[in-house]
Amino acid sequence: MQLNLNNARLGICAGDAKQFPNTPHPQIIFSGRSNVGKSSLINTLLGRNSLARVSSCPGKTITVNFYDIDSKLYFVDLPGYGFAKRTPQDKKKWSALVEEFFSFVALSDEKRLVVQLIDMKVGVTKDDAVMLDWLNETGTDYIICATKCDKLNKTDYNKSLQALFDNVHIEPDTDIFPFSALKGTGKQQLLNFITEYAGI
C-alpha cells in the first residue's frame, strides 16, 4: 500500500473536542512551540506551498488541524505553545484543548506518533521540556524534528545536534531528524520513518 501525498486536504479545524474526527487512521501529530516551523514542515512533507497556513502572527489561532492524507493517514497540527503574547485565557484554552485531544486519542487503538519540533538554533526551551517530560511519562511514541538546521554553520550544527542527543528530557535512542524547509534537508528521511511507522 502506497501513500499518495498529492491527495491531501485540510479536513477539520477543531476548536472543540466534539469536532475531533473518529476515524481508524494512524495519526502523525506535530507538536512544538509557536514559530518553530510546524506549518512549513507539513507543507514541505506534502510538497505544497500553503496547505498548512504559515501564520504571520504565531500562536494566534487555537485549533487542532487535521489533514487527511490519501484517506490512509492523518497529519495533526497542534496549536503552538509558549507564545509570550497570548492572554491567560488563550493559554488556558490551549492547555484544555490539547489535553482533550490526547485524552481522545488515548482511547483509540490506532497508531499515533508525535513529531516533536525543536528549533535547532534555540535548543530545548522550558516549554519544550514540559512537553517532552509529558511524552516520556505517558509512554507516547515520539521523534524529534530539529527545525531550521540550515541557519547554523557546521560547527554549531554539530554542537546543537549533540546537545539534543544529550538532553535529559529526550529519551535515549530517540530518533532525531535535522530538518530545513528551505533546503528540504531531512524531508525524505522523515517521510520514510512516518510511512514505515504507520504501516503504509
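The structure this text deals with has already been given above.
Residues numbered from 1 in each chain as written. Predicted model: local features only at pLDDT ≥ 70, side-chain atom pairs only at ≥ 80, totals over all residues. Heavy atoms only, no water.

Draft legend 1. Geometry of the packing of aromatic side chains. Following the criterion strictly, the structure yields 10 aromatic pairs and no others. A centroid spacing of 5.6 Å and a plane angle of 70° characterise the contact between Phe177 and Phe193, whose relative ring orientation is edge-to-face. Within this pair, whereas Phe177 is found in strand E7 (residues 176-178), its partner Phe193 is found in helix H5 (residues 187-198), the two being separated by 16 residues in sequence. You can call Phe193 partly exposed: its relative accessible area is 23%. Ring pairing ties together the aromatic residues Phe20, Phe66, Tyr74, Phe101, Phe102, Phe104 and Trp134, which thus form one cluster. The ring of Tyr197 has Lys111 lying over it, and the distance from NZ or CZ to the ring centre is 5.8 Å. (Phe/Tyr/Trp six-rings, centres within 6.5 Å; stacked < 30°, edge-to-face > 60°. Helix = DSSP H or I, 4+ residues; strand = E, 2+ residues; numbered from the N terminus. Buried < 20%, exposed > 50% of the residue type's maximum accessible area, 1.4 Å probe, protein only. Lys NZ or Arg CZ within 6 Å of the ring centre and 35° of its normal.)

Draft legend 2. Focus on helix H3 (residues 126-138). The end-to-end C-alpha distance of H3 is 19 Å, a good match for the 18 Å that 13 residues give at a rise of 1.5 Å each. Within H3, the full set of buried residues consists of Asp128, Ala129, Met131, Leu132 and Leu135. Projected down its long axis, H3 shows its buried positions confined to an angular sector of 165°, all on one face. Exposed residues on H3 whose side chains face more than 90 degrees from its buried face are Lys126, Val130 and Glu137. Tucked into the core, H3 has its buried residues touching strand E2 (27-31), helix H2 (88-106), strand E5 (112-119) and strand E6 (142-147). Directly beyond the C-terminal end of H3, a positive phi value near 70° is found at Gly139. (Expected span 1.5 Å × (residues − 1). Arc of directions from axis to C-beta. Contact = heavy atoms within 4.5 Å.)

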